[in-house]
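# Coordinates in review
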Amino acid sequence: MTSRKVEVGVGFFVALAFASLLMMALKVADQGVSGTGETYNLYAKFDNIGGLKPRSPIKVGGVVIGRVGDIHLDKEDFTPVVTLVISEEYRDFPDTSSVSILTSGLLGEQFVGFHPGFSFDGIETLNEGDYIADTKSALVLEDLIGQFLFSQNKDD
Amino acid sequence: MAFLASLGRKTLNIFSTVGRAFLILVGAIVARPQPLKNTSLVIKQIYIVGVQSLLIIGVSGLFIGMVMALQGYTVLVDYGAEESLGPMVALSLIRELGPVVTALLFAGRAGSALTAEIGLMKATEQLSSLEMMAIDPLRRVIAPRFWAGVISMPMLALIFSAVGILGGHLVGVDWLGVDSGSYWSIMQSSVDFEEDVLNGVIKSFVFAVVVTWIAVFRGYDLIPTSEGISAATTQTVVHSSLAVLGLDFVLTALMFGTN
């Protein structure tokens, strides 16, 4: 009877340790499986994505509607293409919507800001696989400083 | 002359202690590999050493994760970088606190018990009786306890880190309002499985060998009186804590120091 209790206890212990290892591998380290629930994909081309990373949030006015999926370089015009994985809950954004890469706080992580456009008759909605035409790139601090210095020099 | 003699005696003592410690280690591991015959003994010891430590490990892990999230948040929020809470909690738990705190708790919870148990066996001459019956006490008593400690501690450290990260999530996300997705996603992009998780496991394996070895040796080698047992139990906790903290610096320098 005691030996049974011991065996059950050790089995529980080992199972718990494996669960922790699995959690480390899948949830904490980078081999994670992303996303839960139904989603659809939109694509956006940017000139510069700055520090955007896969799984960064996509926000409409601060509300998270999805996550960045894959980021790769378009083979023809060499611009970064970002896959936007958006929850099925939020559908029917108008074709005139725009996306921009924003930073939360001064040193925070970067996220995709999604700005729904005006919708009236004759405007189509964004569906699976569509490209968003109107994009604004990430703000790169060095470029800003460079522009500032350049304009300063011209004034002299 | 007397000074020289006492110096010589001390040196000889240290060397013979180290020698006996190695003999026990070798006796418990290398010279007598009997995995099948002793499995049930090892399982019983894993129950005593590992399963019964689960509660203290889980509770400490939870609270350490929660405290780190709270402290980290108050600092990070000033820079608007509270989203980096996830990697901060995860990396410090997986790399350092998980293995080290588990080893310290293990030394106090299980190591001292091992020393006292073996010491009392020696004081009541149970070990000598085993030898009388032609049963090697190293094989029957020491080896299962040693292996149980070595097997249990890395698993305890993993559980500690996992529970701590969940505790950090509890405070950071559910209480202080850090975005849950950011907590996990930035953690995933900064934690590497081989670099961080596996190195943490290796660390805690080394600590396991050292702590269990010290505990077992102190028990086997003590002076068989009630004072001897109490002194040996104290020495187990003190020596293994110091060894863990010192080794931790060396291992960290080897693993993470060069990049």
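Analysis parameters
- Residues numbered from 1 in each chain as written.
- Chains lettered and ligands numbered in written order.
- Predicted model: local features only at pLDDT ≥ 70, side-chain atom pairs only at ≥ 80, totals over all residues.
- Heavy atoms only, no water.
- Contact = heavy atoms within 4.5 Å.
- Buried area = accessible area lost by both parts, 1.4 Å probe.
- Salt bridge = Lys/Arg side-chain N within 4 Å of Asp/Glu carboxyl O.
- Polar contact = N/O pair within 3.5 Å; in protein donor to acceptor, adjacent residues only side chain to side chain.
- Helix = DSSP H or I, 4+ residues; strand = E, 2+ residues; numbered from the N terminus.
- Buried < 20%, exposed > 50% of the residue type's maximum accessible area, 1.4 Å probe, protein only.
- pLDDT = per-residue confidence, 0-100.
- Pairing = 2+ DSSP bridges.
- Core = buried A, V, L, I, M, F, W, Y, C linked by side-chain atoms within 4.5 Å.
- Domains from an automatic or database assignment.
- Expected span 1.5 Å × (residues − 1).
- Axes fitted to C-alpha atoms, helices over the stretch in contact; angles between N-to-C directions.
- Parallel < 35°, antiparallel > 145°, perpendicular 65-115°, else oblique.
- Left-handed = near helix turned anticlockwise from the far one by under 90°.

It is worth spelling out the interface of chain A and chain B at this point. In many analyses, interface size is given as the accessible surface area lost on bringing the parts together. Counting from both sides, the interface comprises 29 residues of chain A and, opposite them, 34 residues of chain B. Between chain A and chain B, roughly 2700 Å² of surface is buried when both sides are summed, and carbon and sulfur atoms account for 75% of that area. Together, A:Phe13, A:Met24 and A:Val28 form the three largest contributors to the area buried by chain A at its contact with chain B, with a combined 23%. Our count for the contact surface shared by chain A and chain B stands at 1 salt bridge. Two residues, A:Arg67 and B:Asp179, come together in a salt bridge whose shortest N-O distance is 3.8 Å. In this assembly, chain A and chain B are joined by 0 residue pairs in polar contact (both at pLDDT 80 or more). Looking at the side of chain A that touches chain B, the elements with two or more residues in it are helix 1 (2-28) and strand 3 (63-73) of chain A.

Attention shifts here to unusual backbone geometry. Non-glycine residue A:Phe78 carries a positive phi angle of around 55 degrees. Structurally, A:Phe78 can be placed in the loop between strand 3 and strand 4 (80-87). Take A:Phe78: its relative accessible area is 60%, and that puts it in the exposed class. Unlike most non-glycine residues, B:Glu125 shows phi in positive territory, near 60 degrees. Checked against the element boundaries, B:Glu125 lands in the loop between helix 4 (85-123) and helix 5 (126-132).

We now examine the confidence of the model for chain A. Per-residue confidence for chain A averages 80 on the pLDDT scale, and 89% of its residues sit at or above 70. Ranking the elements of chain A by mean pLDDT puts helix 2 (residues 141-155) of chain A last, at 79, and strand 4 of chain A first, at 88.

Tallied over the full model, the rule gives 9 salt bridges over all chains. Linking A:Lys45 and A:Asp74 is a salt bridge whose minimum nitrogen-to-oxygen distance equals 3.2 Å. Here A:Lys45, found in strand 1 (residues 39-45), pairs with A:Asp74, found in the loop between strand 3 and strand 4; they are 29 residues apart in sequence, far enough to count as distant. A relative accessible area of 30% places A:Lys45 in the partly exposed class. Across the salt bridge formed by B:Arg145 and B:Glu117, the nearest N and O atoms sit 2.9 Å from each other. Linking B:Arg145 in helix 6 (residues 137-175) with B:Glu117 in helix 4, this pair joins segments that are 28 residues apart in sequence. Among the ionic contacts, a cluster of salt bridges with common partners joins A:Lys45, A:Asp74 and A:Asp77.

On to the sheet that holds strand 5 (residues 98-103) of chain A, then. Paired through backbone hydrogen bonds, the strands of a sheet run either parallel or antiparallel to each other. Residues and elements named next belong to chain A. Strand order across the open sheet formed by 8 strands is 7-1-4-3-2-6-5-8, with mixed pairing between neighbours. Two strands bound the open sheet, and with one partner strand each, they are strand 7 (131-132) and strand 8 (134-136). With 4 bridges connecting them, strand 2 (residues 57-60) and strand 3 associate as antiparallel partners. If you follow isoleucine 58 over to strand 3, its bridge partner there is glycine 66.

This part takes up the nonpolar core. Of all hydrophobic cores here, the largest spans 75 residues; its most connected members are A:Phe13, A:Met24, A:Val28, B:Ile142, B:Ile165, B:Met187 and B:Val191. A total of 17 residues in this core trace back to one element, the largest contributor, which is helix 6 of chain B. With residues near it in sequence (within four places) discarded, A:Phe13 still touches B:Ile46, B:Gly50, B:Val51, B:Leu54, B:Ser152, B:Met155, B:Leu156 and B:Ile159. Listed in part, the 20 residues of the second largest apolar core include A:Ile58, A:Phe93, A:Val99 and A:Phe114.

The next thing to look at is the pairing of strand 6 (residues 110-115) of chain A. Residues and elements named next belong to chain A. Counting buried positions over the 6 residues of strand 6 gives 5, a clear majority of the element. Relative to strand 6, strand 5 runs antiparallel, the two being bridged by 6 bridges. Among the inter-strand pairings, isoleucine 101 is bridged to a residue of strand 6, identified as valine 112.

Before going further, it helps to examine the domain arrangement of chain A. Here chain A is described as being made up of domain 1 (1-34) and domain 2 (39-147). Each of domain 1 of chain A and domain 2 of chain A has a C-alpha centre, and the two are 39 Å apart.

What follows deals with helix 3 (residues 54-76) of chain B. With 23 residues, helix 3 of chain B ought to run about 33 Å at 1.5 Å a step, and its terminal C-alpha atoms sit 32 Å apart, in line with that. Along helix 3 of chain B, the residues that are buried comprise B:Leu54, B:Ile57, B:Gly58, B:Ser60, B:Gly61, B:Gly65, B:Met68, B:Ala69, B:Gly72, B:Tyr73 and B:Leu76.

Residue and element names in this part refer to chain B. Across the interface, helix 4 lies against helix 9 (residues 226-256) with an axial gap of 9 Å and an inter-helix angle of 150 degrees. By the criterion of interaxial angle, the relationship of helix 4 to helix 9 is roughly antiparallel. Seen along the crossing, helix 4 lies across helix 9 with a hand that is right-handed.

With that settled, the discussion passes to the confidence of the model for chain B. All names here are of chain B. Per-residue confidence for chain B averages 88 on the pLDDT scale, and 97% of its residues sit at or above 70. Of all helices and strands in chain B, the one with the weakest mean pLDDT is helix 7 (residues 180-190) (80), whereas helix 3 scores best (93). Here the predicted complex carries an ipTM of 0.75, next to a pTM of 0.71.

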